[in-house]
Structure formats: C-alpha cells, structure tokens
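# What the coordinates show
Spelled out, the chains give:
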Amino acid sequence: MRELPPAVRGCVLCAVLAAVVCAAPALTDSATPWAAVLLLAALYLGCELVRALPLPGTRVPEGLGSFLPVVLAAVCLLPPAAAALVALPGGFAGAVAQPPATVRRVWHGAQQATAAWAAAQVFGLLGGPAALGGGPTAGSGAPAALADFPAVLLPATAAAVAFGLVTTVLDGAVLAAAEGRTASAAWREPPVRWLAPHCVHGLAGLMMAVMWRSPYGIPAALLVLLPMYVSCWVFAQYHRESAAHRATIRALVQAVDIKDRYTRGHSERVGQASTLIARELGMAGDRLEVVRIAGILHDVGKLGVPTRLLRKDGPLTPQERRTIELHPEYGHEMVRGIGFLGEARSAILHHHERVDGSGYPYGLRGEQIPELARVVAVADAFDAMTSTRSYSRARPVPTALSELQRCAGSHFDPAMVRALTDAIGRHGWHPVVTSDEDLQVISDPAPGEPPGPRPGPGAPTRRRGPDGPGPAPHGRPAGAGGPTAAGTAALRVLPAQDGKAPPGRGADAAPGPDEPGARGVR
C-alpha cells in the first residue's frame, strides 16, 4: 500500500469501509440464512480458486471465467447484507494479472461486496423477492409462490444494471486516482460495454435463483452452472480470436519494420493520432478499433516495394517514385483476405488521396474518399511533420497543426484537421514509446532557436529513403508537446510515409508552396 499514490490508497480504503458497512449487519441479524450464504459463497469461491489456483499437474479448463451469475443469484435470493458476504471471498480470491496482488484482491472483494449490496437493495425496492416467490431470506425449500414471470424480469435486470454501474464507477474512480485522469476521461467507456455483459449475467443469476426456489431445489439450481460454463467458454473463444487478430497485425507491421527499420514507431503513432481524430468525431466501439488498425497498417503495402528503393540514399527517379506509389494498392491486395479488417482496407488503399483530387492511386476527391482514409491521411501527415527526418528536424506540434490547417480543403478534409486540433488542444499529444532509441520530445523552440532538436556534433544522420525520410537510429525526437517517458509500451511498429511529392521531383527536393510541411515522399 505504501508505494501506491495517496489518492489510490484512499479509494481502496473507502471501498473496504463501504464493504464492511454493507456486510456487517448480516453477522448480527438472526434472520440471516447462513446455509444459503455459506453454500453460495463456497460455490463462488470454488469457481474462482479453480481459475486462479489450479492443482499441480492440472490445467484450468479453457474459457473458465468469473462466475458473477452466482453472486447475482445471491442478490435475488438473500438480503442485501448477506449478498455482500457471498461476494467477499470469491472477489478476494479472483485472479489478478499485475502487482500489487494483495491490494488488487482486497479491492476486487470490496468492490463486488459493495456492488452486490447495492444490487440487492434495488432488487428489493422493485418488489423482486415477492415476484421471485417466497420471502427474501429463504434459502431453500418450497416457495410460498411460484416465480411471477415476466414481473420478476424488471427487478432482476435493474439489479444487474446496478451491480455493473457500481463496479464501473468504482473502477473509474481508482483509475482516475492512479493515472491522474479527469472524471470524464475515466468514465468515457460507452455504457453498452459493461451493460450488456452484466444484463446477461443477471439473467443467468435469475435463472439460478428461480430453480433454487422451485420444487426441485438446490440440485436443479446447480445445473445452471453448466450453461454458464459454456457461455464462459464461448466468451473465451472470442478473446482468443481477438488475440489472434492482434498477433496478425503485429506480424504485418513487424514485417514492414524489417524492410525499413529507420521509421520505427511511425505506424503506431499514426494509429494513435487516428484514434484521437475518430474519438473527436464521435466514433466509438468497434469502428474506433478499425480506425486504429487502419492507421497502424496504412503502410503495409511497402512489403511489396523493393527493399533497395526503401533504403536508397539520395533522390528517387520518376520510375522509382511510381513504383513507391503502388504501395497503397499492394497493401490493399495483401489484406484483402483478412476479413476482420473490414473498413480498414479502404483506408489502406486511399490514404494518399487528396480532397482536391491530386492524390493517388485513383485521384479521388472530397467525399469520394472513404472517411477512414481521410482520417489516416491527416494523422500520417501530422506524424511526418512532428518526427525527425533526415532532411528536416521535427516540428513543434503547434507548427504542424498550423500547416495542416493551411492545407485543409486542398490536401486534407477540414473536418479531420479540426478534430485533430481540438483533440490535441484538449488532451495533448503524447506519442507512445516503441523502443529505447525512440524517445520523442518536441517542444516549442526557445527564442532565437530554430524549431526542433539540434543534433550534436557527430550525431548519426540518415539517408532519405524512398519511403520517406526516417529517424536517425539514435536519440530520435518526435512529435509531441512533452516527454513521452510516461507513454505506455505498445506494439513495436514501424514504417512511414509522408505527403506526396509532385511527379518527377527528386526525393530531396524542397517542398512546393501547396505541400504540407514535410518534404514530399510517397
């Protein structure tokens, strides 16, 4: 606890006190149905222990997840304080992935106990015990009346929503305390992300409670664990599929990195900037993830470009430039068969189109260009300007944003430029650090000093490759508004590209009057 920030310690202590206040009345109430409390608590604890502490030489069955329906069954069957007691041991025993393990276990136990108490209060206030049949403290045996359907669905659903709401609020509070986030940022996650799972768990818990109160009693209620296990297995299959998708993306960007190792981090930063723009535009959920993937994979077509061109020192010939400009089409063909990429494929193909029709490969203009491609185009140019290249120093973030605004309406969609400007103005730009050699710091220059960092004597420089200039291999600064040491570790990703140069111009030619800040590259 001592190594935790004071605000986090305060959150944990408040949660523990709340759990104690919620559960303590059950210890002194003579009406507490201890048989049901102990059985449900042991069942929940046993499920969590099997997952967290498998026996030596055994393997935890794949898909075995948290058995919250057991807790929500207790919410329907027991008084609020008794339901809080059921949640305590299983919550404390749940698996934790990061240290400090003890503090996390205490937090989870207190969080679930408090949430169970609140859910049971909601269930009681809405007449759930009467609709379920029998008294709220009955633990087993024949009910006073059969469950009243569909009347019992409303209090059960409301209880599940209350459980999810309390856990989400508490998670957001400790996240805000730990990372210094604002309340709006900590609770920004769309409600559907936690609401749907808790409603499903609530219905499973209600099914268990109904069977518990039925003439068939406790054995029938325990049979509900079988479909619960199957649902957990299906959920785990989904997560494994998601992990396979991430591994596919990681393999693609690492393959590009092998071809041009000097632009390490560009793709990840473009994905990060694309996400900022998309959030500002109101995108959420799966589409937000598609935008991020599109930004990361926008240069994957460079796998089809000859390595000698990507690593060439000096200017490109017109023929070499035409070969480079095929990389969006190469990328689209490479990912065509990857179904989960969806709309990201169009962004990979069209991220070099310009709204005035002067881009490539098809010369689309305005609304003809897919929305995600317009997002990635702005993010790509922004990172090119705020990253150190062999032909230019990294520009300060305000300078890069001003350049984007200058080119809005010709090169870039003005709405995307405004979204990036507003997002950075509100949250800042803190690019992820992808390697020890990729720390990036960009700040406004001191009076009389040129923008960007100044290389010291003998500092390594880099050739300008056909894919656009890349960073120096050591000590490279890049876009941002502040040091990025606090940035989170991310995929090690790479290659880059910037804006398009007019046909026939040498790779090291000076930018034309209508080009965005970085010198023309594919």
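The structure reproduced in this document is the subject of the present report. Positions within a chain are numbered from 1, following the residues in the order the chain's sequence is written. In keeping with the model being predicted, local features are shown solely for residues with a pLDDT of at least 70 and side-chain atom pairs are shown and tallied solely at 80 or more, while totals for entire chains, interfaces and linings include all residues. Here the side-chain values reflect all heavy atoms present in the structure, with hydrogen atoms and water set aside.

## A few points about the overall build of the protein chain
Tallying secondary structure elements over the protein chain gives 20 helices and zero strands in all. Within the protein chain, the fraction of its 522 residues that count as buried is 48%. What makes two residues a contact is simply this: any of their non-hydrogen atoms within 4.5 Å. Across the protein chain, every contact between residues at least 6 apart in sequence was considered, and the portion connecting residues at least 24 apart equals 76%. The way it works is that DSSP assigns letters per residue, a run of H or I at least four long becomes a helix, a run of E at least two long becomes a strand, and they are numbered from the N terminus. For every residue, the accessible area obtained with a 1.4 Å probe (protein chains only) is divided by the maximum for its type, and the residue is called buried under 20%, exposed over 50%, and partly exposed between those limits.

## Some remarks on a nonpolar patch on the surface
Together, Leu-226, Val-230, Trp-233 and Val-234 line one region of the surface with nonpolar side chains, adding up to about 380 Å² of accessible area. Using a relative accessible area of 42% as the deciding quantity, one classes Val-230 as partly exposed. Candidate patch residues must exceed 30% relative accessible area and have no salt bridge, after which like charges are joined if within 9 Å and Val, Leu, Ile, Met, Phe, Trp or Tyr side chains if within 5 Å. Throughout, the Shrake-Rupley method with a 1.4 Å probe supplies accessible areas, and for residues the shown protein chains are the sole cover considered. For this document, the term salt bridge refers to a Lys or Arg side-chain nitrogen within 4 Å of an Asp or Glu carboxyl oxygen.

## Here's the deal with helix H7 (residues 153–179)
Expected span of a helix, by definition, is 1.5 Å for each gap between consecutive residues, and there is one gap fewer than residues. The terminal C-alpha atoms of H7 lie 38 Å apart, and with 27 residues this matches the ideal 39 Å at 1.5 Å per residue to within 8%. Looking one or two places after H7, you find Gly-180, whose phi comes out positive at around 70 degrees.

## As for the packing of helix H3 (residues 68–77) against helix H9 (residues 192–213)
Packed helix pairs are characterised by how far apart their axes lie and by the angle those axes make with each other. Note on definitions: angles span 0 to 180 degrees between N-to-C directions of axes, and those axes are lines fitted to C-alpha atoms, for helices only across the stretch in contact. Two elements in contact, H3 and H9, have axes separated by 7 Å at closest approach and are oriented at 55 degrees. It follows that H3 is oblique to H9 by the angle criterion. Both H3 and H9 take part in a crossing whose hand is right-handed. Contacts from Leu-68, Pro-69, Val-70, Leu-72, Ala-73, Cys-76 and Leu-77 in H3 reach His-198, His-201, Gly-202, Ala-204, Gly-205, Leu-206, Met-208, Ala-209, Trp-212 and Arg-213 in H9. Each residue gets one label: Ala, Val, Leu, Ile, Met, Phe, Trp, Tyr, Cys and Pro are nonpolar, Asp, Glu, Lys and Arg are charged, and the others, such as Gly, are polar. Looking at the contact of H3 with H9 residue by residue, the class counts come to 12 nonpolar, four polar and one charged. Should an angle fall under 35 degrees it is taken as roughly parallel, and over 145 as roughly antiparallel, whereas 65 to 115 is taken as roughly perpendicular and any remaining angle as oblique. Definitions for this section: a left-handed crossing has its near helix turned counterclockwise from the far helix by less than a right angle. A right-handed crossing has that turn clockwise.

## Here we look at helix H12 (residues 266–280)
Taking 1.5 Å of rise per residue, the 15 residues of H12 would be expected to cover 21 Å, and the 21 Å separating its terminal C-alpha atoms lies within 8% of that figure. Among the 15 residues that make up H12, 12 are buried, leaving the element largely enclosed by the rest of the structure. Within H12 the residues assigned to the buried category are His-266, Ser-267, Glu-268, Arg-269, Val-270, Gly-271, Ala-273, Ser-274, Thr-275, Leu-276, Ile-277 and Ala-278. Elements in contact with the buried residues of H12: helix H13 (285–297), helix H18 (371–385) and helix H20 (414–427). Of the residues one or two after H12, Gly-282 is the one with positive phi, at around 95 degrees.

## Comments concerning the pattern of salt bridges
This structure, assessed with the given rule, holds 10 salt bridges. The partner of Arg-426 in a salt bridge is Glu-280, with the nearest N and O atoms 2.2 Å apart. Pair noted here: Arg-426 is in helix H20 and Glu-280 is in helix H12, with a separation of 146 residues, a long-range link. On the accessibility criterion, Arg-426 (52% relative accessible area) is exposed. Two residues, Lys-302 and Asp-299, come together in a salt bridge whose shortest N-O distance is 3.0 Å. Taken together, the shared-partner salt bridges in this structure form one network comprising Arg-287, Glu-343 and Glu-371.

## A look at the environment of Ala-119
The topology assignment puts Ala-119 in helix H5 (residues 101–125). Residue class for Ala-119 comes out buried when judged on its relative accessible area of 0%. In sequence terms Ala-119 and Ala-162 are 43 residues apart; their C-alpha atoms lie 5.2 Å from each other. What Ala-119 contacts, discounting residues up to four positions off in sequence, is Val-75, Ala-159, Ala-162 and Phe-163.

## Focus: the environment of Ala-423
If you trace the backbone, Ala-423 turns up in helix H20. Taking the C-alpha atoms as reference, Ala-423 lies 9.6 Å from Ala-278; in sequence the two are 145 residues apart. Excluding residues that lie within four positions of it along the chain, Ala-423 makes contacts with Leu-276, Glu-280 and Gly-428.

## Quick notes on the packing of aromatic side chains
Working definition: rings of Phe, Tyr and Trp (its six-membered ring) pair if their centres are within 6.5 Å, and the pair is stacked with planes under 30 degrees apart, edge-to-face with planes over 60 apart, and tilted otherwise. Under the definition given, this model contains one aromatic pair. Aromatic pair Phe-382 and Trp-429: ring centres 5.3 Å apart, planes at 80 degrees, arrangement edge-to-face. One end of the pair, Phe-382, is in helix H18; the other, Trp-429, is in the segment after H20, and 47 residues separate them in sequence. With respect to burial, Phe-382 and Trp-429 carry one shared label: buried.

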